[in-house]
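What follows is each chain in one-letter form.
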Amino acid sequence: MATSPNEAVIDVLGCGVCHSDLHVADGHIGRTPIILGHEVVGVDNRIGPVMVYAPWGCRRPECRECSSGKEMTCPDSHEAGVLDNGGYAEKMLVPQRDYLIPIEGLDPLQVAPLACGGLTAFRAVRRATSRWESGRRARALVIGAGGLGQYAVQFLTRSTGAHVTVTDPLPARLAVARELGADVTLAPDDIGGEPYDSVIDFVGAESTLQSAVMAVRRGGVVVLVGLFGGAVPFGLGRLPSEAWLTTSIWGSPADLRALLDLAQREPLRHVVEHLPLDQANRAHELLRSGQSRGRIVLTIA
Ligand SMILES: [Zn+2]
Ligand SMILES: [Zn+2]
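Parameters and conventions
Residues numbered from 1 in each chain as written. Chains lettered and ligands numbered in written order. Predicted model: local features only at pLDDT ≥ 70, side-chain atom pairs only at ≥ 80, totals over all residues. Heavy atoms only, no water. Donors = N, O, S within 2.8 Å, 3.2 Å for Na, K, Ca; no water. Tetrahedral: all angles 85-135°; square planar, octahedral: opposite > 155°, others 65-115°. Buried < 20%, exposed > 50% of the residue type's maximum accessible area, 1.4 Å probe, protein only. Helix = DSSP H or I, 4+ residues; strand = E, 2+ residues; numbered from the N terminus. Expected span 1.5 Å × (residues − 1). Contact = heavy atoms within 4.5 Å. UniProt positions renumbered as here; feature names shortened; annotations may be inferred. Axes fitted to C-alpha atoms, helices over the stretch in contact; angles between N-to-C directions. Parallel < 35°, antiparallel > 145°, perpendicular 65-115°, else oblique. Nonpolar A, V, L, I, M, F, W, Y, C, P; charged D, E, K, R; others polar. Polar contact = N/O pair within 3.5 Å; in protein donor to acceptor, adjacent residues only side chain to side chain. Phe/Tyr/Trp six-rings, centres within 6.5 Å; stacked < 30°, edge-to-face > 60°. Domains from an automatic or database assignment. Buried area = accessible area lost by both parts, 1.4 Å probe. Salt bridge = Lys/Arg side-chain N within 4 Å of Asp/Glu carboxyl O.

S.K.: Describe the coordination of the zinc ion (ligand 2), with residues and values.
M.R.: Donor atoms from the polypeptide that bind the zinc ion (ligand 2) are Cys58 (SG), Cys63 (SG), Cys66 (SG) and Cys74 (SG), placed at 2.3 Å. For the zinc ion (ligand 2), the 4 donor atoms in the first shell make angles of 103 to 119° at the metal, so the coordination geometry reads as tetrahedral. Read N to C, the donor residues that coordinate the zinc ion (ligand 2) are spaced as C-x4-C-x2-C-x7-C. Classification of Cys66 by relative accessible area gives buried; the value is 11%.

Below, the structure written as structure tokens:
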């Protein structure tokens, strides 16, 4: 039960299953034992239907990251479902009431993946587009058309009007990217031609990161999101002059609020499958073996 006025205990309606859940379960990140789950939607008895902001920071006044509203880069974070108990449960304790964001008018079991997958793609797109000049149609390249890439295509086409190219080795995923509004889809070997203002790498392997650096224009931006652990040399003459290379991690509370505003204005497409909470292990198997089409959301009866 909640013990301080800042805390809330919500009734969980559903929780998205994220690849990082597998890494926590395998003991590679976070801590065990733990209640997994950081894509949580539920009902708060005061606010109604809510989404939980999950990258909880330390909130100490001397923490520069938390004080500037970037809790996801707090060096002393305690993210839900990774370092603190999360949402694979009927009830969840949330340490600050302002981590609860209203989702009035949205279907909670469809939008749950926005809490991590959608938010991470949203911030990456914001970082990729923040230097674009107005008045000309920018060109963006999205590497990887899985769940995050699918969201990025929608954010780019709906909120920037950019020309969007998507690359992925799987033709079925490229077909989804075209349905979501991508202008051009390519197999990874076919990247080339006119350089891009921004490249977002949702894979992060050595090969994709190399492609990203080769494809960006001089002064353009490469945003690295994917966790495959690739690296590229950084040096004069090794990448296009004055190109910007940056990582992007999860998202801030302000990013999540802006994302949910967008979702309320523009119907986004969520490629989601549902399974009951007691099938959580099966959900993990599906994710591990690459058999899921989009994101899986566990439903709490
Ligand atoms: Zn996640
Ligand atoms: Zn902090």
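The rest of the description comes next.
S.K.: Could you give an account of helix H8 (residues 253-265), naming the residues involved and the relevant values?
M.R.: An α-helical turn contains 3.6 residues, so a residue and the one three or four places further along point in the same direction. With 13 residues, H8 should cover 18 Å at 1.5 Å per step; its first-to-last C-alpha distance of 19 Å lies within 8% of that length. Of the surrounding secondary structure, the elements contacted by the buried residues of H8 are strand E3 (48-52), strand E5 (100-102), helix H4 (117-129) and helix H5 (147-159).

S.K.: Quick rundown of the UniProt feature "domain: Alcohol dehydrogenase-like N-terminal" (unreviewed entry) in the chain? Include the residues and the values.
M.R.: Feature annotation in UniProt assigns "domain: Alcohol dehydrogenase-like N-terminal" (unreviewed entry) to the following positions: residues 5-103. Counting secondary structure, residues 5-103 comes out at 11% helix and 28% strand; the distance between its end C-alpha atoms is 22 Å.

S.K.: Explain the packing of H4 against H8 residue by residue, including any values.
M.R.: The geometry of H4 relative to H8 is characterised by a closest axis approach of 10 Å and an angle of 100° between their N-to-C directions. Taken together, the axes of H4 and H8 lie roughly perpendicular to each other. Each of Gly118, Leu119, Phe122, Arg123 and Arg126 in H4 lies in contact with H8, whose residues at this interface are Ala254, Asp255, Leu256, Ala258, Leu259 and Leu262. Residues that form the contact of H4 with H8 fall into these classes: 7 nonpolar, 1 polar and 3 charged.

S.K.: Talk me through the environment of Gly230; I want residue IDs and the actual numbers.
M.R.: By the element assignment, Gly230 lies in the loop between strand E10 (216-224) and strand E11 (244-247). Note on Gly230: relative accessible area 16%, which makes it buried. Along the sequence, Gly230 and Asp11 sit 219 residues apart, while their C-alpha atoms lie 40 Å from each other.

S.K.: Explain the side chain of Arg139 to me, using residue names and the numbers behind them.
M.R.: Here Arg139 is to be found in strand E6 (residues 139-143). Under the relative-accessibility criterion, Arg139 is labelled buried at 14%. Only 3.3 Å separates the side chain of Arg139 from the backbone oxygen of Pro195, close enough to count as a polar contact.

S.K.: Describe the coordination of the zinc ion (ligand 1), naming the residues involved and giving the relevant values.
M.R.: Around a metal, the idealised angle for a tetrahedral arrangement of four donor atoms is 109.5 degrees; for an octahedral arrangement of six donor atoms it is 90 or 180 degrees. Around the zinc ion (ligand 1), the protein supplies Cys18 (SG), His38 (NE2) and Cys116 (SG) as donor atoms, at distances of 2.1 to 2.2 Å. All donors of the zinc ion (ligand 1) come from a single chain, and their spacing in sequence reads C-x19-H-x77-C. Taken as a pair, Cys18 in the loop between strand E1 (8-17) and helix H1 (19-25) and His38 in the loop between H1 and strand E2 (39-44) lie far apart in primary sequence, 20 residues in all. As far as the burial class goes, Cys18 and His38 line up, both buried.

S.K.: Describe in detail the UniProt feature "domain: Alcohol dehydrogenase-like C-terminal" (unreviewed entry) in the chain, supporting the description with residues and values.
M.R.: Per the UniProt annotation, the sites labelled "domain: Alcohol dehydrogenase-like C-terminal" (unreviewed entry) are residues 147-264. Here residues 147-264 is 37% helix and 23% strand, with 20 Å between the C-alpha atoms at its ends.

S.K.: Residue-level account of the packing of aromatic side chains, with values.
M.R.: Under the counting rule described, the total for this entry stands at 4 aromatic pairs. Measuring from ring centre to ring centre gives 5.3 Å for Phe122 and Phe155, while their planes differ by 90°; the resulting arrangement is edge-to-face. With Phe122 in helix H4 and Phe155 in helix H5, the pair connects residues that are 33 residues apart, well separated along the chain. Residue classification places Phe122 among the buried positions, given a relative accessible area of 8%.

S.K.: Summarise the domain arrangement of the chain; cite the residues concerned and give the values.
M.R.: Domain boundaries assigned for the chain yield domain 1 (8-116 + 250-299) and domain 2 (121-247). The gap between the C-alpha centroids of domain 1 and domain 2 is 25 Å. At the interface, 20 residues of domain 1 touch 11 residues of domain 2. Of the roughly 1500 Å² buried where domain 1 meets domain 2, counting both sides, 56% is carbon and sulfur surface. Counting across the domain 1 and domain 2 interface gives 3 salt bridges. Here Glu179 and Arg269 are joined by a salt bridge, their closest N and O atoms 2.8 Å apart. The tally of links from domain 1 across to domain 2 stands at 6 residue pairs in polar contact (both at pLDDT 80 or more). A total of 5 residues in the side of domain 1 that touches domain 2 trace back to one element, the largest contributor, which is H8.

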